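If you want the building blocks of each chain, they are given just below.
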Amino acid sequence: STPVPTPLMNPNSKSHVSRVFLRRDQLPPGTAVDKSFKAKYAGMRAGKAWDGEMLGPLIATYNYSPNARTPLMVDVSYNEGRSWWHLAELETDKDLQFAYPTSLVLPDKIVTVYSVMKTDYEYKLLSQGMKIAVFNRGKTI
């Protein structure tokens, strides 16, 4: 397909997008899902644990800033990336940089691993290690 712009901000940093599969009854009340999205994912099944029509929203882990690697956010889109809603703020410390996120979507949680860095007095990036964030998917995704 032809690449199209997304409303997500990015300060020249890696982002990560994953597909989530869930039952229609797990969508938040009032969620607008367009007809092409419904048609594309209608009838998908994820095995015996699932019962009902499957839909697959997108999950994006990225820096919600046009010029900084903070904050690090997780957003969800129910319309193939045309619009996004904040799901979680993983990091917000303005003195650090959070980069290179990779997320794994599991049936009951989302696991994200990412780098933590800071800038020294000579403006060199210094690694502060890596972090792992785990949060429950809950009923909304």
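Everything discussed here concerns the structure shown above.
Rules used throughout
- Residues numbered from 1 in each chain as written.
- Predicted model: local features only at pLDDT ≥ 70, side-chain atom pairs only at ≥ 80, totals over all residues.
- Heavy atoms only, no water.
- Helix = DSSP H or I, 4+ residues; strand = E, 2+ residues; numbered from the N terminus.
- Buried < 20%, exposed > 50% of the residue type's maximum accessible area, 1.4 Å probe, protein only.
- Areas by Shrake-Rupley, 256 points an atom, 1.4 Å probe, with all protein chains shown as cover.
- Pairing = 2+ DSSP bridges.
- Salt bridge = Lys/Arg side-chain N within 4 Å of Asp/Glu carboxyl O.
- Axes fitted to C-alpha atoms, helices over the stretch in contact; angles between N-to-C directions.
- Phe/Tyr/Trp six-rings, centres within 6.5 Å; stacked < 30°, edge-to-face > 60°.

**A short note on the overall build of the protein**
Moving on, step 1. Counting its secondary structure elements, the protein contains 1 helix and 9 strands.
Moving on, step 2. In the protein, buried positions account for 39% of the 141 residues.
Moving on, step 3. When the accessible area of the protein is evaluated, it comes to approximately 8,500 Å², of which 55% is carbon and sulfur surface.

**A look at the pairing of strand S1 (residues 16–19)**
Moving on, step 1. Judged by which residues are buried, S1 turns out to be one-sided: His16 and Ser18 face inward and are buried, whereas Val17 and Arg19, on the alternate face, are not.
Moving on, step 2. In the sheet, S1 pairs with strand S4 (residues 58–63) via 4 bridges, with the strands oriented antiparallel. Across the sheet, the residue bridging to Arg19 is Leu58, located in S4.

**Side note on the pattern of salt bridges**
Moving on, step 1. Counted according to the given criterion, the structure contains 3 salt bridges.
Moving on, step 2. Among the salt bridges present, the one from Glu80 reaches Arg19, with a minimum N-O distance of 2.9 Å. With Glu80 in the loop between strand S5 (72–77) and strand S6 (85–91) and Arg19 in strand S1, the pair connects residues that are 61 residues apart, well separated along the chain.
Moving on, step 3. Judged by its relative accessible area of 28%, Glu80 is partly exposed.
Moving on, step 4. Across the pair Lys131 and Glu91 runs a salt bridge whose closest N-O atoms are separated by 3.0 Å. Pair noted here: Lys131 is in strand S9 (residues 125–136) and Glu91 is in strand S6, with a separation of 40 residues, a long-range link.

**Considering the sheet that holds S4**
Moving on, step 1. Pairing within the open sheet is antiparallel, and its 4 strands lie in the order S1-S4-S5-S6. Across the chains shown, the open sheet's two edge strands, defined by having one partner strand only, are S1 and S6. Neighbour-to-neighbour, the strand axes of the sheet open up by a mean angle of 20°, direction not taken into account.

**Considering the packing of aromatic side chains**
Remark: the centre distance and the inter-plane angle together describe each pair of aromatic rings, the angle taken between the planes.
Moving on, step 1. A complete count under the given rule lists 3 aromatic pairs for this structure.
Moving on, step 2. Relative to Trp85, the ring of Tyr78 lies with its centre 6.2 Å away and its plane at 45°, an arrangement referred to as tilted.
Moving on, step 3. Assessed through its relative accessible area of 5%, Tyr78 is described here as buried.
Moving on, step 4. On the numbers, 6.2 Å between centres and 75° between planes, the contact of Phe98 with Tyr114 is edge-to-face. Taken as a pair, Phe98 in strand S7 (residues 97–105) and Tyr114 in strand S8 (residues 109–119) lie far apart in primary sequence, 16 residues in all. Across the pair, exposure class does not vary: Phe98 and Tyr114 are buried alike.

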